[in-house]
Amino acid sequence: MKNPSLVPDFREEAERARTADRSLLENLLYHRSREVLEALLANPRLGEKHLALLLSRRDLPRDIVARVAQNREWMKSYPLNLAVVKHPRTPRRLAFPLLKFLYLFDLLSVATTAGVPPDVKRLAEESILTQREGLALGQRINLARRGSHRIAGGLLGDSDRRVIEAALSNPAMTEHAVTRALLDRKAGPHLTAAVLDQERWF
């Protein structure tokens, strides 16, 4: 058990965080005390720029991330919405509903960013793949080339060979995904031909 006399008392700093002007706010964003960070969130001078910097901290306590995510005014900001979804400590129950507000290539960013929880990535991938039929050819090629192995694998069934070739050249593509696509009864002739044309799959 910790000796109470050795536990830092951040009450004065917390009060300073609650009332600090804009010139002092930025330094306080990197404070290690949860108490100070909680006080900082109550500061009326805290703006979008400060919150974006705060969310860039990968070590931010889970409850602080949650408080940001639950603030409706702050979540009206698209950049903050995206930053919350991509934060590794955002509670799943708060991240999932925010995904539906993200643009296509921001969903791609969520799906391919290290540290984003696997279940959040998977939901972002599913959201992308449900939109694929309505996407322009250039968008599908871009997704096939840059997407995660699930996204690229999902585009192996595309009707345009250029999309399939982009997916097959994606470094994240796996042999398992290619094999599964080839065995799919709905696989078209473009897939087989494209696979045979790439030495990587032999």
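Cut-offs applied
Residues numbered from 1 in each chain as written. Predicted model: local features only at pLDDT ≥ 70, side-chain atom pairs only at ≥ 80, totals over all residues. Heavy atoms only, no water. Helix = DSSP H or I, 4+ residues; strand = E, 2+ residues; numbered from the N terminus. Rg over C-alpha atoms; globule rule 2.2 N^0.38 Å. Buried < 20%, exposed > 50% of the residue type's maximum accessible area, 1.4 Å probe, protein only. Contact = heavy atoms within 4.5 Å. Areas by Shrake-Rupley, 256 points an atom, 1.4 Å probe, with all protein chains shown as cover. Lys, Arg positive; Asp, Glu negative; His and termini not counted. Charge placed at Lys NZ, Arg CZ, Asp CG, Glu CD. Polar contact = N/O pair within 3.5 Å; in protein donor to acceptor, adjacent residues only side chain to side chain.

Student: Lay out the overall build of the chain with the relevant residues and their values.
Tutor: In terms of helices and strands, the chain carries 14 helices and zero strands. The order of α-helices and β-strands along the chain, N terminus first, is α-α-α-α-α-α-α-α-α-α-α-α-α-α. Relative to a compact globule of 202 residues, whose C-alpha radius of gyration would be 17 Å, the chain shows 23 Å and is clearly more extended. Projecting the C-alpha coordinates of the chain onto the three principal axes gives extents of approximately 70 × 40 × 25 Å. Looking at the chain as a whole, 43% of its 202 residues qualify as buried. Considering only contacts within the chain whose residues lie at least 6 apart along the sequence, 51% involve residues at least 24 apart. Carbon and sulfur atoms make up 52% of the accessible area of the chain, which amounts to about 11800 Å² in all. Positive and negative side-chain charges in the chain, numbering 33 and 24 respectively, have mean positions lying 2 Å apart.

Student: Can you lay out the environment of Pro117 for me, pointing to particular residues and giving the numbers?
Tutor: Inspection of the secondary structure assignment puts Pro117 in the loop between α8 (104–112) and α9 (118–131). In this structure Pro117 comes out as buried when scored by relative accessible area, which is 5%. What Pro117 contacts, discounting residues up to four positions off in sequence, is His87, Pro88 and Arg92.

Student: Can you explain the environment of Tyr78? Please cite residues and give values.
Tutor: By the secondary structure assignment, Tyr78 is in helix α6 (residues 78–86). Residue classification places Tyr78 among the partly exposed positions, given a relative accessible area of 23%. A C-alpha to C-alpha distance of 18 Å links Tyr78 and Ile128, two positions 50 residues apart in sequence. For Tyr78, the contacting residues outside a window of four places in its chain are Phe101, Leu102, Tyr103 and Asp106. A distance of 2.6 Å separates polar atoms of two side chains, one belonging to Tyr78 and the other to Asp106.

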